[in-house]
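Architecture and fold: a report
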Amino acid sequence: MGIFQIVTKNHDEMVEITDSVQRYIQSIGIQEGIAVISSLHTTAGITVNENADSDVKQDFLRRLKEVYPWEHEQDLHAEGNTAAHLKTSTVGHAQTVIISDGKLVLGTWQGIYFCEFDGPRSRKYAVQVLLSGRDGA
């Protein structure tokens, strides 16, 4: 398993980590299997989404802010980041991506994103690879 650190710069942001995950897969020599990419935080998630038009990220984050405003008079959580927890639960803390011929299997417009909802912070995500029978597992 690989653990990776990322430093986010904004309160809410989506950082593409596709290349980092692909380099890890290549470094361990996996040809066939599944990669599970997991955020190690309750206020940051992982998603697969469009990586061609940056407006998608802006729209994505804006819509989440509309659904989960940062301040709500009925929130009880002492840290004041209930919205970040809700966004993470909505997006999910992990994604699974197929590996074939040593490469992540993603569509033409897809990328893997670390989603920060309570930044800026120093964060971590993990990548665990499960081998297919063709890789000897």
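Structure shown above.
A short tour of the structure in this document, coming up.

1. What to know about the overall build of the chain
What the chain contains, in helices and strands, is three helices and eight strands. Going from the N terminus to the C terminus, the chain shows its helices and strands as β-β-α-β-β-α-α-β-β-β-β. The principal-axis extents of the C-alpha atoms in the chain amount to approximately 55 × 30 × 20 Å. Of all intrachain contacts in the chain linking residues separated by at least 6 positions in sequence, the fraction that spans at least 24 positions is 84%.

2. Some details on the sheet that holds strand S4 (residues 44-50)
One open sheet holds the three strands; their spatial order is S2-S7-S4, and the pairing between them is antiparallel. Both edges of this open sheet fall to strand S2 (13-16) and S4, since each of them pairs with a single strand only. Strand-to-strand twist of the sheet, defined as the mean angle between neighbouring strand axes without regard to direction, takes the value 35 degrees. Bridge count between S4 and strand S7 (residues 110-116): seven bridges; the pairing is antiparallel. Looking at S7, one finds that Ile46 is bridged to Phe114.

3. Some words on the pattern of salt bridges
On inspection of all chains with the given rule, the structure shows six salt bridges. For the salt bridge of Glu116 with Arg123, the shortest nitrogen-to-oxygen distance reads 2.7 Å. Both residues of the pair, Glu116 and Arg123, count as buried. Each of Asp12, Lys65 and Lys87 takes part in salt bridges that share partners, so that together they form one network.

4. Examining the side chain of Thr43
Summarising the element assignment, Thr43 is placed in the loop between strand S3 (33-39) and S4. One polar contact links Thr43 to Arg123, side chain to side chain, over a distance of 2.8 Å. Other than its neighbours up to four places away in sequence, Thr43 contacts Asn81, Ala84, His85, Thr88, Cys115, Glu116, Phe117, Asp118 and Arg123.

Here is what the cut-offs are and how they apply
Residues numbered from 1 in each chain as written. Predicted model: local features only at pLDDT ≥ 70, side-chain atom pairs only at ≥ 80, totals over all residues. Heavy atoms only, no water. Helix = DSSP H or I, 4+ residues; strand = E, 2+ residues; numbered from the N terminus. Contact = heavy atoms within 4.5 Å. Pairing = 2+ DSSP bridges. Axes fitted to C-alpha atoms, helices over the stretch in contact; angles between N-to-C directions. Salt bridge = Lys/Arg side-chain N within 4 Å of Asp/Glu carboxyl O. Buried < 20%, exposed > 50% of the residue type's maximum accessible area, 1.4 Å probe, protein only. Polar contact = N/O pair within 3.5 Å; in protein donor to acceptor, adjacent residues only side chain to side chain.

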